[in-house]
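If you want the building blocks of each chain, they are given just below.
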Amino acid sequence: MQRALITGVTGQDGWYLTELLLKRGYQVLGTTRNPATPSVLELQESAAGWSESPEQFRVVRLNLTDAEQVDQLVQSFEPHEIYNLAAQSHVGQSFSSPLDTLAANARGALALLEAIRRMPAASAARMYQASSSEMFGAAESYPQNEQTPFHPRSPYACAKVCAYHLCVLYRESYGVFVSNGILFNHESPRRPASYVTRKITRAAARIAAGLEKELTLGNLDVGRDWGFAGDYVDAMWRMLQHDQPDDFCVATNQWRRLDEFLEAAFSRIGRNWRDVVRIDPALCRPAEVTRLQGDYSKAERLLGWRPTTSFDDLVRLMVDADLAAVQ
Ligand code: NDP
Ligand code: GDR
């Protein structure tokens, strides 16, 4: 049986990846900072439905910045694959907690690379590193691909650039099988409401139900390449099945302005977003990433991956899930 270790298993991507791996017969060990939370219980209940047996899925506590703890976990579980998803993943928040962000997002990746380096070469784990399109930041060329230079615009993005280069270094210096997935924004009903897409779809549903009257946002003058998280975890898995480690952009090749997302979400509930959206400058970031648009042609060519969910379907899926939740 293949064994996979997923750090940050309680997050959006951890959820979809756990489902994918359990349904493919993997034994999955997930890590969290706190196993006593409702999200762990919810995931365990869902995982029981995706597994053949209760032994197939477990969640353990791990402090990713504690290299000794990381090493002990890796050497005892002997995973074939490691998916490093744990991170302080909120870009805006990284400006108020830069040191914690750097520790979790860069030091955490390094602790895993070091643990892999100490595994017996013949059975060393393959690693997926959750790199991000935020690393392109202020890039001026579109679309962005694996050759586009990085220009990070937040402590979050700087930490991800650091982790990215550490992965390349360990691949080149020690032959570690580690691949960077440079994933563009991907969303789902499991996205926390602190991210703009879910904040919008949740507010639309609550406004439709008469529970709220307005929605407060920051900078609307931005655009992103938004895909569906369920599609993107399949790209992660494919990277670790490929014959060699590499770096891949995962995206839809389309970008939309934030007001187009608002338009799509509020038209689903028959309202005009301009009537309810209020701007609060306090929600704007000290440095902004104005436009990200990916090019997934390398992932398609080498991994046979392509997205299956359109922008309109994604927005509909998220608004409908939030409407169902308020009802
Ligand atoms: P989430 O924020 O939903 O999940 C990440 C998990 O990491 C959390 O559930 C949390 O689990 C854990 N975590 C949070 N803060 C810390 C911290 N300071 N130290 C250690 N662990 C922490 O992220 P996603 O699932 O959306 O993303 C997965 C990974 O992919 C992240 O690394 C993210 O940066 C990256 N990424 C995401 C993209 C996206 O659009 N979603 C795009 C590109 C990259 P717990 O509280 O249980 O410990
Ligand atoms: P992002 O996602 O920063 O791209 O990072 P987020 O949804 O937080 O912001 C997208 C854009 O919307 C603007 N914005 C707002 N954002 C939030 N959160 N709340 C608001 O009220 C608001 N108003 C406007 C932002 O300024 C920004 O330009 C996500 C995370 O998942 C990262 O971990 C990941 O690496 C990148 O996507 C790719």
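See the structure shown above.
Treat the numbers as computed from the prediction; the structure is a model and nothing was measured. (Residues numbered from 1 in each chain as written. Chains lettered and ligands numbered in written order. Predicted model: local features only at pLDDT ≥ 70, side-chain atom pairs only at ≥ 80, totals over all residues. Heavy atoms only, no water.)

Participant: Requested: an account of the environment of Asp-231, with residues and values cited.
Facilitator: Residue position: Asp-231 is located in helix 8 (residues 229–241). The contacts of Asp-231, once residues within four sequence positions are left out, are Trp-305, Pro-307, Thr-308 and Thr-309. (Helix = DSSP H or I, 4+ residues; strand = E, 2+ residues; numbered from the N terminus. Contact = heavy atoms within 4.5 Å.)

Participant: Break down the site of ligand 2 for me, citing the residues and quoting the values.
Facilitator: Contacts to ligand 2 come from 22 residues, most closely from Ser-89, Ser-132, Tyr-156, Arg-285 and Glu-288. In this structure, an oxygen atom belonging to ligand 2 sits 2.7 Å away from a main-chain N or O atom of Ser-89. Arg-191 is positioned with one of its side-chain polar atoms (N or O) 2.9 Å from an oxygen atom of ligand 2. For ligand 2, whose free accessible area comes to 700 Å², the fraction covered by protein is 95%. A per-class count over the shell around ligand 2 returns 8 nonpolar, 8 polar and 6 charged. (Near = heavy atom within 4 Å. Polar contact = N/O pair within 3.5 Å; in protein donor to acceptor, adjacent residues only side chain to side chain. Areas by Shrake-Rupley, 256 points an atom, 1.4 Å probe, with all protein chains shown as cover. Nonpolar A, V, L, I, M, F, W, Y, C, P; charged D, E, K, R; others polar.)

Participant: I'd like a rundown of the nonpolar core, residues and numbers included.
Facilitator: Proteins that are soluble and globular tend to have nonpolar side chains buried together. Formed by 63 residues in total, the largest nonpolar core has its most connected members in Leu-17, Leu-21, Tyr-83, Tyr-128, Ile-200 and Phe-266. Ranked by residues supplied to this core, first place goes to helix 8 with 8 residues. In contact with Ile-200, other than residues within four places in its own chain, are Leu-215, Leu-217, Leu-258, Phe-261, Leu-262, Ala-265 and Phe-266. Core analysis: the next-biggest nonpolar cluster, separate from the first, contains 23 residues, Val-60, Phe-77, Leu-166 and Cys-167 among them. (Core = buried A, V, L, I, M, F, W, Y, C linked by side-chain atoms within 4.5 Å. Buried < 20%, exposed > 50% of the residue type's maximum accessible area, 1.4 Å probe, protein only.)

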